[in-house]
Each structure stands twice: as C-alpha cells, then as structure tokens.
There are 2 protein chains.
Amino acid sequence: MPDETVSEPRHLRDQPVSSRAIEAAVSRLQSLLDGESLLTATDQVAEFRDPFAHPDWTSFQPSAVLLPTSVEEVQAILQVANEYKVPVWTSSQGRNNGYGGPAPRVSGSLVLNFRRMNRVLEVNEESAYALVEPGVRFFDLYDHLRANNSRLWTSVPDLGWGSVVGNTLDHGVGYTPYGDHVAQQCGMEVVLANGDILRAGMGAMANAKTWQVYKRGCGPSADGLFMQSNYGIVTKMGVWLMPAPDCYMPGWLTLKRDSDLEILLERLRPLMMDGTIPNQPMIINAVCAASAFAGREDWYTGPGPIPEDVIDDIARQPGFGRWVMRFALYGDETIVERQRQIVSDALGTIDGATISFSKYDGRALPEFTNPHERVQAGVPSMDLDRMTRWYGGERGGHIGFSCAAPITGRDGAALRDLVKGELSRAGLDYSGVIIVGRRSMIHVGLVVYDTEDAVQAKSAYDACKALVKPAAKLGYGEYRSHLDFMDMVSDQYDFNDHAQRRFNEVLKDALDPNGILSPGKQGIWPRSYRG
Amino acid sequence: MPDETVSEPRHLRDQPVSSRAIEAAVSRLQSLLDGESLLTATDQVAEFRDPFAHPDWTSFQPSAVLLPTSVEEVQAILQVANEYKVPVWTSSQGRNNGYGGPAPRVSGSLVLNFRRMNRVLEVNEESAYALVEPGVRFFDLYDHLRANNSRLWTSVPDLGWGSVVGNTLDHGVGYTPYGDHVAQQCGMEVVLANGDILRAGMGAMANAKTWQVYKRGCGPSADGLFMQSNYGIVTKMGVWLMPAPDCYMPGWLTLKRDSDLEILLERLRPLMMDGTIPNQPMIINAVCAASAFAGREDWYTGPGPIPEDVIDDIARQPGFGRWVMRFALYGDETIVERQRQIVSDALGTIDGATISFSKYDGRALPEFTNPHERVQAGVPSMDLDRMTRWYGGERGGHIGFSCAAPITGRDGAALRDLVKGELSRAGLDYSGVIIVGRRSMIHVGLVVYDTEDAVQAKSAYDACKALVKPAAKLGYGEYRSHLDFMDMVSDQYDFNDHAQRRFNEVLKDALDPNGILSPGKQGIWPRSYRG
C-alpha cells in the first residue's frame with residue numbers, strides 16, 4: 001500500500017469555490033429567500049465556522065448561510081446550486097463539534113443549516129415515536145414531550161444543543177437504552193440533489209401506517225445511504241422513544257489501576273451482549289473525569305503532559321479512579337435489582353473497584369444534581385461543556401479521535417496506549433472516553449486544547465492526523481472524523497484497492513451529477529473534484 | 001391515483017429472454033465451469049422452479065442453473081452475463097417458498113444458486129458472531145456450532161433448510177431474541193454487476209478488527225441496499241449469535257374468542273416495546289394451529305371455507321384456542337421468573353385465556369418434542385412443513401400475503417378481516433399468522449392450497465392479488481411478496497408519484513447498466529426492460 005493513496009488533484013478540494021459563482025448564486029438566492037433565510041454578513045457567517053478552529057486558520061470557511069424554513073425552500077436552494085454549480089454543505093444544528101461543527105469541507109461553500117426548520121411534527125404515544133424536522137434539538141424534543149405530559153423519554157448525548165437528526169445522521173450516540181441513535185431511526189424524508197423528494201422505508205407508500213414503526217420497506221433500504229453522506233438532504237426523520245421505566249438506577253464503577261481497564265472490558269462484554277446492562281456505558285479516565293469538575297491548573301502547572309503521579313492523585317479523589325464507568329439500569333424494579341446484583345458480582349469484585357448505585361422512580365424523576373445521572377435519564381443539558389476548558393482560557397476546544405473496536409481488554413489497551421503515546425509526544429494530556437455498545441466500543445481520544453493557543457491547537461490537530469494511519473495498521477477505523485483529516489481517514493478504507501470509494505463515487509455521480517451536495521463529506525468527492 | 005400505475009411495456013418483463021442469447025452464454029459458461037457448476041438438464045433445471053407453482057403454469061422458468069463454488073466463479077459468470085446481456089437471478093438456497101422459491105421473475109433467466117458455496121468461514125466465540133457464505137443453511141450453522149461445542153445459539157425460521165444469508169436478505173425472521181435477522185447482520189461482501197468486490201461496513205478496511213462487530217463504517221452504510229435488491233450479489237455475511245442463556249422458558253397463551261386478538265395486541269405492545277418479551281412471538285389462529293398437526297379432512301369435508309362452528313370445535317381442543325401465541329423468555333432465572341409473572345399478569349388475565357410455560361436449562365437443552373419449543377431455542381427442523389398439506393394431496397403449497405402493521409388491536413382486526421373476507425370469497429380457509437416485533441408486526445395470510453388442484457391454486461394466487469390494493473388503501477404495505485404480484489406490490493409504494501421507484505432505478509442503472517442482475521426483483525427493472 002503506497003503511503004499516500006490519494007492521487008487526485010488536491011487543489012480542487014482545498015482551494016475555495018470560485019467567488020464569482022458564489023456571488024451569482026447568492027444574488028439569485030436573495031431574490032428567493034428573505035433576510036432571515038440568507039445570511040451574508042461577515043459576523044453572522046463566521047458563526048458557522050468550526051468553533052474550535054484556532055484564530056489564524058483559513059480552511060473550512062463558509063461564504064454565506066442558508067436557513068430554509070420549508071422543504072420547498074430547500075428545493076429552491078438546490079435548483080440555484082445546480083444552476084451555478086456551487087456546493088451546499090448541510091448541517092442540522094451544526095453542533096458536530098470536535099469534528100468541524102457546522103463548517104464546510106470546501107471553503108466558499110454555502111452552508112445550509114436547519115435551525116429554523118425545527119418542528120416536532122408528531123409524537124405518537126401509542127407506538128412511542130416522534131417525527132421531527134432536522135432543526136429539532138434534543139432540548140426541543142425533550143421540552144415538547146414534557147409540555148405534553150408524555151410518558152416517553154428521549155435519548156440524549158452529553159450536550160443537549162445538538163440536532164436529533166444531525167446527531168443520528170453522523171452516527172452519534174446517547175446514553176439511555178435507546179442510545180444507539182441510528183438503531184432508533186425509523187423512516188426518513190430526503191430531498192435529492194435534483195430536488196426530488198424521497199421517503200425511505202414504508203414512507204414510500206403515501207398513506208402507510210408503518211413509516212415510523214417498521215424499519216424496512218419494499219425493496220432495498222436506502223436510509224443508511226443518507227447517513228455520514230452527501231447523497232441527499234434529510235428533511236424529516238422518525239425516531240423511536242422509550243416509554244418511561246418504572247425504575248431508573250444509574251451506577252458508578254471506579255477502578256484503581258490504569259491496567260484495570262482490561263479486566264473491566266473482559267467482564268463487561270458478556271453483560272453488554274446479553275443486555276444485563278441495557279444502556280451504553282461510558283468509561284472515562286481520571287483526566288477526563290477531572291475535566292468535568294475542575295481546570296488543569298488545579299492539578300498541575302508544569303511543562304509537558306500531566307505526570308502519572310498527578311493522575312494517581314486525581315484518581316484517589318472520592319468518586320474518581322484511574323478509570324470510572326457510568327452506566328444505568330432501567331425497568332421493572334425486581335428485574336433492575338437482580339441486574340444490579342449481577343453487575344455488582346461481575347464488576348464490583350475487580351480488585352480495588354468500588355461500585356455504587358442510585359435509584360429513582362422513572363416516572364417521577366427529580367431535578368438531578370449529577371450531570372451523568374441526568375444524561376442517562378435522557379434529560380438534556382450543557383453541563384459537560386466545561387470539559388473543553390481543561391487548559392484554561394475562555395475558548396476551549398476539542399477534537400475527537402474516535403475509533404471503533406471489539407469490546408476486549410486487548411483492544412482497549414491497544415487504543416489507550418496508541419493514543420496516549422502520541423498525545424504525550426505532542427505534549428498533550430490523554431483524555432480517554434470509551435462508549436460501549438452491544439458488540440463494539442468507540443474509543444474517543446478527546447483531544448482538548450485552548451483554541452487561542454495557536455501552537456497547542458496545531459499540536460492537537462497534528463497529533464490526531466499522526467494517529468490515523470497507525471490506528472488503521474492495527475485494524476481500527478474511525479467511526480467519524482474531523483474535516484481536517486476526513487480524507488486521510490477515508491483513505492484507510494482500502495479493501496480491494498478502495499472498492500468502497502469506487503462504489504461511493506458511482507452513487508455520488510448518479511445522484512448528484514453537478515456535485516453540489518457537501519463535496520468531500522466523509523471523503524466522497526463528486527466527479528468535478530476528482531480531476 | 002390511476003388504477004393501473006404501470007405504464008411501461010409489460011411484455012419485456014413477462015416474455016422470456018431470447019433463447020439465442022441464453023444458448024450463447026451457456027455455451028461460453030460451459031467452457032468456464034464444470035458440470036457440477038452448470039446444470040442444463042431439464043429435470044435438474046426444473047428443481048429451480050417455484051415448487052408451489054401448479055403444473056400448467058409457464059411463468060418464472062429458469063433456463064439453466066449456475067452453482068459457483070467461489071467468488072471468482074461468480075465474477076466469471078457476471079462477465080459472461082454482461083457480454084451476452086442475459087439476466088442472472090440469484091438465490092442462496094432458493095427456499096424463499098411462498099414467495100417464489102428459487103424461481104426467476106423473468107422466464108429464461110440463468111439461475112445462480114449458492115448451494116455449493118456453503119462454508120462457515122469463522123465463528124468467533126468471544127464476540128459471538130459468524131461469517132458465512134450464502135449457501136450455509138440454518139441446519140449447517142447449527143450443526144457447525146454443536147460440533148464445535150459452541151456456547152452460541154443460532155436464530156432460525158420455522159423451516160431449517162433455508163440459507164442464513166438468503167433469509168436475512170429477504171428480511172426474514174426467526175424466533176429467538178435474535179429473530180430480527182436484518183438487525184443481526186453485521187458486515188457483507190458483495191460482488192457488483194461489473195465484477196468488483198465490495199465489502200460494506202468496516203470490511204471496507206482490509207484488516208479491520210470490527211467488520212463483524214461494528215455495524216457501520218466510514219461514510220454511508222450500503223448494507224441495506226443489498227437486501228430485497230438486485231444491486232449486487234452477496235457472497236459473505238456476518239451474523240451475530242446469541243450466547244446460550246441460563247434459562248429458556250417457552251410459553252403458550254390461548255385465547256377463547258376470535259375478537260380477543262384485539263385485546264391481546266393492545267396488552268402485548270408495551271411488553272414488546274420494553275423487551276419484557278424479548279423474542280418475536282407468533283400468534284396463529286385455530287386453522288393455522290390445526291394444520292401443524294392434522295389435515296383439513298379430519299375437521300371438515302364440506303364445500304367452501306371451513307365454517308365458524310368447526311373452527312370453534314378446533315379451538316376447544318386442549319392447547320388450542322381461536323388464537324394461540326407462542327413466545328419465550330431467556331436469561332438469568334430470577335429475571336425470567338419475574339418476566340413470567342409480568343406476562344402472566346398482563347396476558348393471562350384476558351377473559352378465557354390460558355397461559356403456560358416450560359422451563360429448560362439454556363446450556364443443556366433436551367431433545368424437544370414440541371416443534372415450537374424447538375424453533376424458539378434456535379434449533380432448526382422441518383417439522384412445520386406439514387402445514388402446507390392442509391388440503392390433502394402430496395404436493396401442498398402456500399403463498400404468503402404478508403403486510404407490516406403497527407402493533408394495535410385495530411390494525412390486527414383490520415388485516416384479519418380483510419384477508420379472511422377475500423379468502424372466504426375465494427372459497428379458501430384463512431390461516432392467520434402474526435409475527436410481532438418491537439414496534440411492528442407482520443400479518444401473514446398463509447394462503448395454503450393443493451398445487452395439483454389447478455383451480456384451487458389459481459384461486460389462491462388470484463385472492464392474493466386481489467388483496468394488494470385494498471391493503472394498500474388501508475395503509476398496509478407488504479414486507480415481501482411473491483414473484484406473481486411483486487410489480488403490483490411495488491406499485492403501491494406511490495409517494496410523490498413513485499419517487500422510490502425513480503430513485504431505485506437511478507441506482508440500478510448506475511450499478512448495473514446492462515441490467516443483468518435479477519431484473520424485476522421487488523419491482524426494480526433495469527433500463528432495457530423499462531422501454
């Protein structure tokens with residue numbers, strides 16, 4: 001395998017779009033959209049840059065922002081984009097932070113954002129689902145349910161300001177038993193590049209009773225094609241909601257030694273596989289845990305990455321450890337109590353581990369004080385936003401270096417050691433987060449930095465880029481990636497001389513011949529950019 | 001909506017392929033494949049017709065049969081098919097009975113069948129999955145696991161002779177907690193029409209450790225595109241397997257009155273949604289239940305459909321009812337016992353209902369005498385094959401008229417009444433089967449007939465065809481359909497003037513420009529057949 005597998009002319013990708021074409025398209029759009037639907041003022045457009053870019057960064061710059069309020073406006077926008085052959089980069093809320101936020105891969109792109117198309121179109125209490133527009137935030141869906149005395153729970157990620165649709169489309173996760181958000185998606189409406197409106201799944205039948213309850217339809221299932229993708233713009237999505245459980249029991253497990261991660265993963269795997277732990281546990285290391293409550297200067301002010309003995313000091317704080325796992329149990333109280341016992345027997349018996357639980361009435365939740373108990377009950381908040389301010393400064397940022405792996409001690413240790421090693425060389429702390437699913441886990445190197453410190457920011461991006469190939473050599477692919485190294489990540493998917501890329505390009509060219517939809521998203525480039 | 005939405009020239013679809021082209025292609029294939037890989041003798045080819053076609057039926061006839069033993073042979077076959085522009089209709093084992101079996105939509109097609117490509121390539125005990133070739137039957141996978149003292153269970157449909165891959169690709173189901181077979185699929189290898197080999201999901205990375213454990217990859221997920229599809233030929237598939245539970249508890253619920261179906265579905269819905277019942281229960285009516293044990297002549301020999309009072313007689317037999325539901329619980333014994341209590345409280349309290357359970361050590365299963373207990377433990381058999389011989393005669397057949405619906409009493413009653421009414425008019429008995437998932441159910445009208453009775457067989461097909469549009473008008477689409485009315489079913493998916501069809505055709509033309517792969521599958525026709 002050659003060291004650099006991309007042979008296409010990179011300049012088409014990294015040079016901005018022709019400003020003349022953009023100006024002409026914007027002028028045309030101004031005649032179609034009102035001032036609230038089309039932003040061109042520099043300060044307004046700047047809000048749609050990557051919020052974690054450092055100040056002198058020039059890549060990934062939007063030229064104007066489109067905020068449609070209807071499917072018809074989306075169609076009108078695409079008609080203009082096809083006419084002038086200008087790229088439209090779509091985000092829902094644009095909170096894909098750590099991976100580029102709302103910023104486009106190709107500078108000069110028009111950014112289409114759905115913040116103003118944010119209606120909860122339906123909540124069905126009987127079959128427990130919602131149909132939402134892409135601008136609906138986790139906060140909005142939660143508030144809607146509470147305002148209507150719904151018995152249904154949302155599943156939310158750590159920060160509640162993101163879009164339910166956007167998070168799902170980028171393979172995002174939450175932390176109730178419905179935390180595998182892609183698995184809870186049921187039904188989709190998509191505007192294709194040519195403006196045609198497709199409803200995937202049973203929605204392909206105009207009056208179907210099953211669009212939001214039966215996941216497939218008649219023939220091939222297209223839903224997965226529109227996730228992490230630039231094949232269409234999702235304008236409606238169904239999402240399954242969880243009936244409130246009788247009993248909600250969040251739990252904590254702390255581990256004494258760094259090496260205990262391996263035994264934990266070995267003992268956790270069967271509990272995940274058989275559903276004894278039904279949600280997606282999150283395992284974080286001491287540095288990550290500390291960053292939720294304090295700044296780095298409270299622990300260490302010396303040079304280089306935080307030393308092991310200081311990490312040990314952090315780990316000795318009450319409720320901390322070298323690793324700590326949050327998880328939760330849900331349902332009938334007798335069953336939950338038995339699950340508590342099984343989990344305690346399996347995990348609480350690890351040498352030096354502590355395990356503890358809280359118990360709540362799932363139908364009458366309190367005002368939680370602990371942000372981790374809140375998020376696992378599907379209650380959105382912004383509490384954990386402070387983790388990015390670890391290095392001090394007002395403008396903390398992070399990049400996610402996020403690999404999928406089997407749930408084994410070997411794989412956990414390999415990723416921990418790889419990421420920690422590279423970050424140490426870069427002078428950065430290793431903030432490790434492992435989100436555990438049924439048969440796989442995502443190891444996120446949460447690479448935190450001060451965006452106003454240009455040197456540190458560059459180190460952070462460089463460290464992530466330096467990790468991509470070594471991770472792939474070990475067999476770990478990223479499940480999501482920042483704009484800055486999206487192509488490099490895509491290059492690692494190399495089976496049969498990049499058969500996946502060839503296949504993706506055939507679909508891209510067939511569905512979007514002018515290459516207007518989010519060029520470069522996940523390394524998929526339209527013909528005109530491939531040279 | 002016009003009554004007949006298909007405006008394309010039907011003759012291209014229903015006329016056989018040019019026999020000259022087929023002869024030339026077969027001649028070329030004879031130089032590439034040995035006599036075991038290419039069958040042309042009339043009696044051998046006849047085995048790949050629809051086994052439930054009646055004798056004087058001329059549609060859906062294969063011209064020759066290809067039985068490749070390797071991916072390379074599949075590639076060679078497609079090269080010839082492209083050269084001579086002849087259709088290749090693919091099945092795995094070809095046991096898609098009730099929907100056409102191995103028979104092709106277009107008469108004269110070459111039938112590609114995978115019975116000789118049947119290796120279990122890997123079983124991973126740690127992460128609990130298998131990687132299989134498409135010819136692997138449920139019997140084969142089960143036998144492989146038992147021969148290797150595996151702790152893993154398969155999930156199997158009622159008849160064990162089908163292909164694990166083929167069943168999954170046609171959205172088939174089984175009856176353990178892993179019974180939603182599509183949901184257990186993880187990773188796929190596909191030969192595209194041009195012979196290129198694609199690995200979907202994490203398999204796109206050549207040395208990925210996660211191909212069979214993490215369901216998505218980098219970018220759009222293509223797996224769903226290759227199910228109920230003619231976009232590629234699946235040559236490998238990953239399938240998740242269930243670790244044997246401590247305790248296995250199959251249960252039976254019988255209902256006294258026909259109308260009790262509605263209250264059952266209402267009470268069952270929450271138990272499905274929260275996983276109290278973790279497998280896919282099957283609810284069958286008295287006629288269906290009787291057909292597993294006896295012939296129709298034991299109950300009724302008069303004219304017309306079996307009368308209500310005779311059905312009441314059947315329902316009064318021990319273990320029977322107007323409806324009977326089989327279901328099962330799995331896992332830790334304390335949890336299973338609590339689930340038994342919750343289920344009994346919710347369902348056993350329906351007026352006139354009886355509920356009963358058996359209990360087994362999940363790690364040391366007995367030789368089951370009851371076929372329903374066997375299938376819900378993932379043990380394949382052919383026991384339930386006798387249901388098709390309801391009308392007597394050696395060659396019983398059935399057609400599945402199979403709609404997806406929400407899990408509500410209203411929807412259950414509406415489908416029951418619709419299907420029963422139409423079958424009664426056709427002089428046929430209503431054998432009703434409802435398979436219940438997390439948020440939807442499939443109502444199967446199991447239309448049973450004697451294939452040697454040409455009049456009855458025609459009545460059965462005509463009744464199914466007569467049901468398609470009325471069902472669609474009520475909002476119910478079929479989840480799978482017989483070749484004979486596949487186009488009609490596809491026509492009902494009409495949102496936005498058949499946007500799904502337009503989309504499917506764009507993909508078909510891009511991926512298979514010569515239209516060689518299974519033309520007509522699920523109503524998707526290549527350009528050359530669309531006129």
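Structure shown above.
In this report, we go over the structure that sits alongside the text. (Residues numbered from 1 in each chain as written. Chains lettered and ligands numbered in written order. Predicted model: local features only at pLDDT ≥ 70, side-chain atom pairs only at ≥ 80, totals over all residues. Heavy atoms only, no water.)

## Observations regarding the sheet that holds strand S3 (residues 88-91) of chain A
Residues and elements named next belong to chain A. Read from one edge to the other, the open sheet built from four strands follows the order S1-S2-S4-S3, with strand pairing classed as mixed. Bordering the open sheet on either side are strand S1 (38-39) and S3, each of which pairs with just one other strand. Inspection of the sheet shows strand S2 (residues 64-66) paired to strand S4 (residues 110-113) by three bridges, in the parallel sense. The residue of S4 that forms the bridge with Leu66 is Leu112. (Pairing = 2+ DSSP bridges. Helix = DSSP H or I, 4+ residues; strand = E, 2+ residues; numbered from the N terminus.)

## Observations concerning unusual backbone geometry
Comment: phi is negative for the bulk of residues other than glycine, and the bulk of peptide bonds are trans. Phi is positive for Asn149 of chain A, which is not a glycine, with a value near 50 degrees. Locating Asn149 of chain A in the fold gives a position in the loop between helix H5 (138-147) and strand S7 (152-153). By relative accessible area, Asn149 of chain A is classed as exposed at 71%. A positive phi is found at His498 of chain B, a non-glycine position, where the angle reads about 65 degrees. If you trace the backbone, His498 of chain B turns up in helix H16 (residues 495-511). (Buried < 20%, exposed > 50% of the residue type's maximum accessible area, 1.4 Å probe, protein only.)

## Digging into the side chain of Thr154 of chain B
All names here are of chain B. Considering the arrangement of structural elements, one finds Thr154 in the loop between strand S7 (152-153) and helix H6 (164-169). Here the side chain of Thr154 touches Gly378 through a polar contact of 2.8 Å, landing on its backbone oxygen. Leave out the neighbours within four places in its chain, and Thr154 touches Leu141, Tyr142, Leu145, Thr176, Leu241 and Gly378. (Polar contact = N/O pair within 3.5 Å; in protein donor to acceptor, adjacent residues only side chain to side chain. Contact = heavy atoms within 4.5 Å.)

## Looking at the pairing of strand S14 (residues 323-331) of chain B
All names here are of chain B. Taken across its nine residues, S14 has nine buried, putting it largely inside the fold. Residues Trp323, Met325, Phe327, Leu329 and Gly331 of S14 are buried on one face, and the alternating residues Val324, Arg326, Ala328 and Tyr330, pointing to the opposite face, are buried as well. Where strand S12 (residues 247-255) and S14 come together, nine bridges link them in antiparallel fashion. Bridging across to S14, Leu255 finds its partner in Trp323. As judged from the four bridges shared by strand S13 (residues 282-285) and S14, these two strands associate in the antiparallel manner. Looking at S14, one finds that Asn285 is bridged to Trp323.

## Describing the relation of the copies chain B and chain A
When chain B is fitted to chain A, the best match, at an RMSD of 0.0 Å, comes from turning it 180 degrees and sliding it 0.0 Å along the axis. Read as a symmetry element, the transformation amounts to a two-fold axis. Considering only C-alpha atoms, the residue of chain B closest to the rotation axis is Ile335 of chain B, which sits at 2.7 Å. (Least-squares fit on C-alpha atoms with pLDDT ≥ 70 in both.)

## Notes on the environment of Met249 of chain A
You can see Met249 of chain A is positioned in strand S12 (residues 247-255). Residues Met249 of chain A and Arg105 of chain A lie 144 residues apart in sequence; the distance between their C-alpha atoms is 42 Å.

## Notes on the packing of helix H8 (residues 260-273) of chain B against helix H11 (residues 333-347) of chain B
Residues and elements named next belong to chain B. Closest axis-to-axis distance for the H8/H11 pair is 10 Å, and the angle between their directions is 155 degrees. One element, H8, and the other, H11, form an angle in the roughly antiparallel class. Note on packing geometry: the crossing formed by H8 with H11 is right-handed. Across the interface between the two elements, Leu264, Arg267, Leu268 and Leu271 from H8 touch Ile342, Val343, Ala346 and Leu347 from H11. Class assignment of the residues belonging to the contact of H8 with H11 gives a composition of seven nonpolar, no polar and one charged. (Axes fitted to C-alpha atoms, helices over the stretch in contact; angles between N-to-C directions. Parallel < 35°, antiparallel > 145°, perpendicular 65-115°, else oblique. Left-handed = near helix turned anticlockwise from the far one by under 90°. Nonpolar A, V, L, I, M, F, W, Y, C, P; charged D, E, K, R; others polar.)

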